[in-house]
Amino acid sequence: MITSLPVTETPADQIPAQDLGFGLHFADRMFTQRYLRTRGWHEATIGPYAPITLDPAAQALHNGQMIFDGTKAYRRPDGDINLFRPERNAQRFNRSAARMGMPEVPEALHVEAIRELVRLEARWVPHAPQTALYIRPVMIATEKALSIRAPAEYLHYIILSPVAPYFAGGFAPIAVHVPHAWVRAVRGGTGEAKTPGNYAGSIVATEEATALGYQQVLWLDALERRYVDEVGAMNIAFVYADQTLRTPELSGAILHGVTRESVLVLARDMGLDVREERIDFFAVCEDIAAGRITEVFGMGTGAVIAPVGRLGYQGRDIVVGDGQPGPVARALHETLTGIQFGLRPDPYGWTQTIRVRS
Ligand SMILES: Cc1ncc(COP(=O)(O)O)c(C=O)c1O
């Protein structure tokens with residue numbers, strides 16, 4: 001049972017699509033619920049978006065016990081709204097919780113909170129092509145204590161942000177830097193949890209990449225610094241001239257992307273030979289140079305499909321194909337966004353429609 005509090009509504013339609021950016025504006029309402037070890041989850045509420053008050057000794061601020069997730073709501077041509085596989089995000093949220101020693105949330109309530117929040121804030125789902133309403137669930141440890149142990153109090157909340165595609169250039173190819181000095185995650189670590197520390201640790205490498213003229217970082221595995229993990233906050237795929245599509249296996253160090261999972265299904269249905277396996281970065285460089293790899297792209301909720309045009313490693317650049325988006329990335333982008341926005345049929349049952357037309 002979710003309690004709804006009165007909220008002052010601001011006009012959402014005054015933000016021009018070109019000013020949306022990513023995660024800069026927020027809807028008027030948020031969902032919250034609290035957890036006490038003695039009481040379980042309680043006080044599920046949709047109320048005004050507002051600052052949260054934390055004790056300076058709240059455990060999240062000291063041991064970083066926090067998780068988050070991200071999914072989107074899409075405006076359909078008929079005016080209704082599509083959610084894309086929200087139950088997969090709820091399941092991943094709970095996997096992250098389990099890895100970080102935090103309590104799981106009831107998945108049905110989590111999805112219901114998203115549905116109800118999006119229904120109430122439907123006017124915040126933008127209409128311009130490729131824009132969407134980003135949904136950000138979070139859980140933080142709120143108990144006042146400095147010891148390192150599983151806390152007894154948590155806050156779970158969900159906020160909404162109307163967004164443009166993650167990369168300002170839309171479907172334009174991105175340039176990716178492969179750092180030698182830093183790694184993101186190690187098997188057995190927290191890489192497959194969506195926890196802020198993974199992202200905090202990546203910022204210095206992203207800053208370096210930006211200073212060198214690249215937009216994203218391609219992470220190699222932490223042990224041998226040889227095998228491909230992920231690209232920024234996206235999973236990665238390589239398309240070979242023989243119509244094979246390879247993506248790194250879910251090793252424990254990379255996130256179980258919902259876009260990745262969906263793309264693999266679509267790619268198989270397009271007739272590609274899909275393989276999830278360990279991918280040697282140095283073999284990738286040779287295969288690109290020899291024309292055996294024709295396309296490289298990232299996959300994630302923010303950008304959906306982000307073609308990679310150029311890779312830089314230790315001062316050398318390697319251009320993928322002719323540096324432009326390839327046909328496989330284009331077809332996958334068109335099919336997946338077509339399903340998400342309700343522009344084409346969804347034979348997979350991935351979308352849930354929220355009716356908002358009166
Ligand atoms: C590290 C990382 N990898 C991959 C992804 C892609 O996951 P998804 O497709 O579920 O957005 C994300 C984004 O959530 C991410 O943060």
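Heads up: the structure comes first, above all this text.
Residues numbered from 1 in each chain as written. Predicted model: local features only at pLDDT ≥ 70, side-chain atom pairs only at ≥ 80, totals over all residues.

Visitor: Please clarify how the overall build of the protein should be interpreted in this entry.
Guide: Counting its regular elements, the protein contains eight helices and 18 strands. The globule rule puts the C-alpha radius of gyration for 358 residues at 21 Å, and the 21 Å found for the protein is close to it. Principal-axis analysis of the C-alpha atoms places the extent of the protein at approximately 60 × 50 × 35 Å. Across the 358 residues of the protein, 44% fall into the buried class. Relative to all contacts within the protein whose residues are 6 or more apart in sequence, the contacts with residues 24 or more apart total 72%. (Helix = DSSP H or I, 4+ residues; strand = E, 2+ residues; numbered from the N terminus. Rg over C-alpha atoms; globule rule 2.2 N^0.38 Å. Buried ≥ 20, exposed ≤ 12 C-beta atoms within 10 Å, placed from the backbone. Contact = placed C-beta atoms within 7 Å.)

Visitor: Quick question: what am I supposed to make of the pairing of strand 9 (residues 174-178) here?
Guide: Each regular strand displays side chains that alternate between the two surfaces of the sheet. Among the five residues in strand 9, four count as buried, and that is most of the element. Where strand 9 and strand 16 (residues 304-313) come together, five bridges link them in parallel fashion. Counted as the bridge partner of V178 is Y313 from strand 16. In this sheet, strand 10 (residues 216-220) lies alongside strand 9 in parallel orientation, the contact comprising two bridges. Each residue of the ladder has a partner; that of V176, found in strand 10, is Q216. (Pairing = 2+ DSSP bridges.)

Visitor: What's the story with the nonpolar core in this structure? I'm lost.
Guide: A general tendency of soluble globular proteins is for nonpolar side chains to be buried together. In terms of nonpolar packing, the biggest core is built from 72 residues, with A73, L133, V176 and I305 touching the most fellow members. Counting the residues that make up this core, at least three belong to each of domain 1 (3-163) and domain 2 (174-340). When sequence neighbours within four positions are dropped, the list of residues in contact with I305 reads F297, M299, A329, L332, H333 and L336. Core analysis: the second largest hydrophobic core is formed by 17 residues, A60, M66, M102 and V105 among them. (Core = buried A, V, L, I, M, F, W, Y, C linked by C-beta atoms within 7 Å. Domains from an automatic or database assignment.)

Visitor: Explain the environment of P137 here, please?
Guide: Position of P137 among the secondary structure elements: in strand 7 (residues 132-141). Accessibility expressed as a C-beta count within 10 Å gives 25 for P137, which makes it buried. Taking the C-alpha atoms as reference points, P137 and R246, separated by 109 residues in sequence, lie 30 Å from one another. Ignoring anything within four residues of it in the chain, the contact list for P137 reads F68, D69, F93, H110 and I158.

Visitor: In this structure, what is going on with the site of the ligand? I would like to understand it.
Guide: Taken together, 13 residues surround the ligand, and among them A233, G257, T259, G300 and T301 come closest. At the level of elements, helix 6 (258-269) and strand 15 (293-300) are the ones that each hand at least two residues to the shell around the ligand. Ranked by residues supplied to the shell around the ligand, first place goes to helix 6 with three residues. The class makeup of the residues in the shell around the ligand is five nonpolar, six polar and two charged. (Near = placed C-beta within 6 Å. Nonpolar A, V, L, I, M, F, W, Y, C, P; charged D, E, K, R; others polar.)

Visitor: Could you clarify how one ought to interpret the packing of helix 2 (residues 86-99) against helix 3 (residues 107-120) in this entry?
Guide: What describes two packed helices is the angle between their axes and the distance between those same axes. Where helix 2 contacts helix 3, the axes come no closer than 9 Å and their chain directions differ by 130°. When the axes of helix 2 and helix 3 are compared, the pair comes out oblique. For the pair helix 2 and helix 3, the sense of crossing is right-handed. Residue-level inspection shows P86, E87, A90, Q91, F93 and N94 of helix 2 in contact with helix 3, the latter providing E107, H110, V111 and I114. Tallied by class, residues from the contact of helix 2 with helix 3 come to five nonpolar, three polar and two charged. (Axes fitted to C-alpha atoms, helices over the stretch in contact; angles between N-to-C directions. Parallel < 35°, antiparallel > 145°, perpendicular 65-115°, else oblique. Left-handed = near helix turned anticlockwise from the far one by under 90°.)

Visitor: Can you help me understand helix 2 in this one?
Guide: Every α-helix winds through 3.6 residues per turn, so residues three or four apart in the chain are directed the same way. The end-to-end C-alpha separation of helix 2 is 20 Å, in line with the 20 Å expected for 14 residues at 1.5 Å each. All of the buried residues in helix 2 are P86, N89, A90, R92, F93, N94, S96 and A97. Following helix 2 by one or two positions, G101 adopts a phi angle in the positive range, close to 65°. (Expected span 1.5 Å × (residues − 1).)

Visitor: Before we go on, may I ask you to explain the packing of helix 6 against helix 8 (residues 327-340) in this structure?
Guide: Taken N-terminus to C-terminus, the directions of helix 6 and helix 8 make an angle of 115°; their axes are 10 Å apart at the nearest point. Comparing their axes, helix 8 and helix 6 come out roughly perpendicular. For the pair helix 6 and helix 8, the crossing hand works out as right-handed. Along its contact with helix 6, which presents S262, V263, L266 and A267, the element helix 8 presents L332, T335 and L336.

Visitor: Help me understand the pairing of strand 12 (residues 235-240) in this model?
Guide: In terms of burial, strand 12 is a largely internal element, five of the six residues being buried. Summarising the sheet, strand 12 and strand 15 pair through six bridges and their orientation is antiparallel. In the strand pairing of strand 15, N235 is matched with M299. Alignment of strand 12 against strand 13 (residues 244-247), held across two bridges, turns out to be antiparallel. Bridged to V239 within strand 13 is L245. Counting the residues that bridge the hairpin from strand 12 to strand 13 gives three residues, and of these Q243 lies at a positive phi of roughly 70°.

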